Amino acid sequence: RAVAKVEHPNIVQVYDVGFQKGYFFIVMQLLRGQTLEERLAESGALDVRTSLEIAREVAQGLGAAHAKGVIHRDLKPANIVLSEDGRARLTDFGLAQDAEEADDAQGMIVGTPFYMSPEQWLGHRADERSDLYALGVILYQMVTGRRPFESEAVADLMQQHLKEAPRSPREYDGTLPEGLCAVIQKMLAKPPAKRYPGVPAFLRDLERVLRDEDPEA
């Protein structure tokens, strides 16, 4: 119901939800293509322009959701579909937080460990900056071919997200623009107050990087 309120070309359209014969159902737009997770598994790191264009479209979808009071809370490559028309679309709002509804998960740790913001690890309320943190993890992964924090143990991942600074993407690829690395590092700041306050500020910096200009970050 939360995502059904949002109509945007970068979000899968939900047409109906309901309960029938003992089952909940969702009727949504059919997308043909592959997930970003599948694309990364095939190709490893993507080129900078492709990565930024995907990040821009995901951010535009997030911005539309945020404007309706909807926080995704589970942004990850598996929930981004690269459809046949060349567009990136957000899917799977199963953990979404709707400002108009009571949060059933308040105080609980909600999300996917590799992509969760520090405040989500602490069970705090997520906001726009939490989704941008997850997008920062994804952007890091797109340009380097690896996530900023890796561990098979969830407790280790938690400590990394809470306390460890990620290695600069340039340590994996020295040709990456310094401005891009600065943007990613701002997105991955531990305190939410040090990240972009919302999608518009991030998009302004992203456009500067695309124009080979220095970003605010």
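Keep in mind that this is a model prediction, so the values were computed, not measured.

A short note on the sheet that holds strand E5 (residues 80–83)
Right, so step 1: The strand order E3-E5-E6 describes an open sheet built from three strands, whose pairing is antiparallel. Of all strands in the sheet, those bounded by a partner on one side alone are strand E3 (33–35) and strand E6 (88–90). The average undirected angle you get between the axes of adjacent strands in this sheet is 30 degrees.
Right, so step 2: For E3 and E5, the ladder comprises three bridges, and the chain directions are antiparallel.

Notes on the environment of Gln29
Right, so step 1: With respect to the helices and strands, the residue Gln29 is situated in the loop between strand E2 (23–28) and E3.
Right, so step 2: Along the chain, Gln29 and Val12 lie 17 residues apart, while their C-alpha atoms are 6.0 Å from each other.
Right, so step 3: Apart from the residues within four sequence positions on either side, Gln29 is in contact with Ile11, Val12, Gln13, Tyr15 and Arg89.

Here we look at the side chain of Asp74
Right, so step 1: Mapped onto the elements of the fold, Asp74 is located in the loop between strand E4 (70–71) and E5.
Right, so step 2: Of the residues examined, Asp74 reaches a relative accessible area of 9% and is grouped as buried.
Right, so step 3: Among the polar contacts listed, one links the side chain of Asp74 to the side chain of Thr112, at a separation of 2.6 Å.
Right, so step 4: With near-sequence residues (within four places) excluded, Asp74 lies in contact with Asn79, Leu95, Gly111 and Thr112.

With respect to empty space enclosed by the protein
Right, so step 1: Within the structure shown, the criterion is met by two cavities of 30 Å³ or more.
Right, so step 2: There is about 30 Å³ of room inside the second largest cavity.
Right, so step 3: If you trace the second largest cavity, you find it lined by Arg73, Asp74, Leu75, Tyr115, Gln120, Ser130, Asp131 and Ala134.
Right, so step 4: Of the residues belonging to the lining of the second largest cavity, the class tally is three nonpolar, two polar and three charged.

Overview of the packing of aromatic side chains
Right, so step 1: Taken as a whole and judged by the stated rule, the model has four aromatic pairs.
Right, so step 2: Aromatic pair Phe114 and Tyr115: ring centres 6.5 Å apart, planes at 75 degrees, arrangement edge-to-face.
Right, so step 3: Judged by relative accessible area, Phe114 falls into the partly exposed class, the value being 21%.
Right, so step 4: Relative accessible area serves as the criterion here: at 7%, Tyr115 is assigned to the buried category.
Right, so step 5: Lying over the aromatic face of Phe114, Arg147 brings its terminal NZ or CZ to 3.6 Å of the ring centre.

Topic: the pattern of salt bridges
Pairs can form between side chains of opposite charge whenever their charged atoms are close.
Right, so step 1: Tallied over the entire structure, the rule returns eleven salt bridges.
Right, so step 2: With a shortest N-O distance of 2.6 Å, Arg129 and Asp127 are connected by a salt bridge.
Right, so step 3: Residue Glu216 is joined to Arg208 by a salt bridge in which the shortest nitrogen-to-oxygen separation is 3.8 Å.
Right, so step 4: On the basis of relative accessibility, which here comes to 65%, the residue Glu216 falls in the exposed class.
Right, so step 5: Through salt bridges with shared partners, a single network forms among Asp205, Arg208 and Glu216.

So, how was this worked out
Residues numbered from 1 in each chain as written. Predicted model: local features only at pLDDT ≥ 70, side-chain atom pairs only at ≥ 80, totals over all residues. Heavy atoms only, no water. Pairing = 2+ DSSP bridges. Helix = DSSP H or I, 4+ residues; strand = E, 2+ residues; numbered from the N terminus. Axes fitted to C-alpha atoms, helices over the stretch in contact; angles between N-to-C directions. Contact = heavy atoms within 4.5 Å. Buried < 20%, exposed > 50% of the residue type's maximum accessible area, 1.4 Å probe, protein only. Polar contact = N/O pair within 3.5 Å; in protein donor to acceptor, adjacent residues only side chain to side chain. 1 Å grid on protein atoms, 1.4 Å probe; cavity = no way out; pocket = protein on both sides within 12 Å on 5 of 7 lines; lining within 4 Å. Points joined across faces, edges and corners; volume = space filled by probe spheres on them. Nonpolar A, V, L, I, M, F, W, Y, C, P; charged D, E, K, R; others polar. Phe/Tyr/Trp six-rings, centres within 6.5 Å; stacked < 30°, edge-to-face > 60°. Lys NZ or Arg CZ within 6 Å of the ring centre and 35° of its normal. Salt bridge = Lys/Arg side-chain N within 4 Å of Asp/Glu carboxyl O.

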